[in-house]
Amino acid sequence: MRVRLSLLALVALLLVGCIDYGHREFPTIPCEVEPDEVFGRHYTAADFQIWQIDEHIFRNLSVTAEDSAARLDLFHAVYADNHNGKALGRYYWIAVDTINYKMVCLEGNSPIIDGSSIAQASVKEEWGQRVVAFEFAKEHHAKWLNITSENVGHHLAIMLGDRLLCVPKVVSEIANGKCSVNTGLQEDEQCALSLILNKNVENK
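What counts, and where the lines are drawn
- Residues numbered from 1 in each chain as written.
- Predicted model: local features only at pLDDT ≥ 70, side-chain atom pairs only at ≥ 80, totals over all residues.
- Heavy atoms only, no water.
- Disulfide = S-S within 2.5 Å.
- Helix = DSSP H or I, 4+ residues; strand = E, 2+ residues; numbered from the N terminus.
- Buried < 20%, exposed > 50% of the residue type's maximum accessible area, 1.4 Å probe, protein only.
- Pairing = 2+ DSSP bridges.
- Phe/Tyr/Trp six-rings, centres within 6.5 Å; stacked < 30°, edge-to-face > 60°.
- Lys NZ or Arg CZ within 6 Å of the ring centre and 35° of its normal.

Engineer: Account for the state of the cysteines, naming residues and giving values.
Structural biologist: The tally for this structure, following the rule as stated, stands at one disulfide. One disulfide in the model links cysteine 31 with cysteine 191; its S-S distance is 2.3 Å. Taking the sign of the torsion about the S-S bond as the criterion, the disulfide between cysteine 31 and cysteine 191, at about -70 degrees, is left-handed. Residue cysteine 31 is located in the loop between strand S1 (28-29) and helix H2 (35-39), and its partner cysteine 191 is located in helix H5 (residues 187-202); the two are separated by 160 residues in the primary sequence. Residue cysteine 31 shares its accessibility class with cysteine 191, and that shared class is buried. Unpaired in terms of disulfides, cysteine 179 finds its nearest cysteine sulfur in cysteine 166, a separation of 8.3 Å.

Engineer: Describe the sheet that holds strand S8 (residues 129-136), naming the residues involved and giving the relevant values.
Structural biologist: Reading across from one edge, S1-S7-S8-S11 is the order of the four strands in this open sheet, with antiparallel pairing throughout. Where the open sheet ends on each side, the last strands, each with one partner, are S1 and strand S11 (178-181). Sheet analysis places S8 next to S11, joined by four bridges and oriented antiparallel. Across the sheet, alanine 133 pairs through a bridge with serine 180, a residue of S11.

Engineer: Give me the packing of aromatic side chains: which residues, what numbers.
Structural biologist: Applying the stated criterion across every chain yields a total of four aromatic pairs. For the pair phenylalanine 134 and phenylalanine 136, a centre-to-centre distance of 5.5 Å together with 90 degrees between the ring planes defines the contact as edge-to-face. With relative accessibility at 2%, the residue phenylalanine 136 sits in the buried group. Ring centres of phenylalanine 136 and tryptophan 144 lie 4.9 Å apart, and the angle between their planes is 45 degrees; on these two criteria the pair is classed as tilted. Look at tryptophan 144 and you get buried, because its relative accessible area is 0%. Put simply, the rings of Phe48, Phe134, Phe136 and Trp144 touch in pairs and so form one group of aromatic residues. In this structure, arginine 41 packs its charged tip against the face of tyrosine 43, placed 4.1 Å from the ring centre.

What follows is the structure, given as structure tokens:
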């Protein structure tokens, strides 16, 4: 029973624990890494993207208490939207549940917001979990408020380039432009991501 509850907790963390809406201030963890060396390629803040998800397809994903986070293998792929056998040239990121072979489609051909709108980022430990905390610039607070208010109860997909970081569920609207993401990245990758986002601030 304890093992089953632990597996359920892991699945819950993966699916709905990526965005933390608490207002408590947590200490920042120092970061000293070279992002390009960590990721093996060069990323910019614009590669950190948030997409909307086709909820109809997402709701069809089957996750049970017996499915561990390891078995729930969410990964990225690209497919072309075809109509009558002809590619329309629109490409979407999808997450695939390899247990049931079902897909989570991202709507549209562009993210709804990206890391170039972020004012600051850092790595923190919140409630026993290391997270990448970031805040959008003031001129983007209203946009983030609209995004979160329109998607309460729905999921968003957060990506770094071609890498799916997590699929968080929006539990409430956010008016202060802040967000904390439990990405599932390694500690050095979390640091590298925060530095990439802060590099955008330095270049403004």
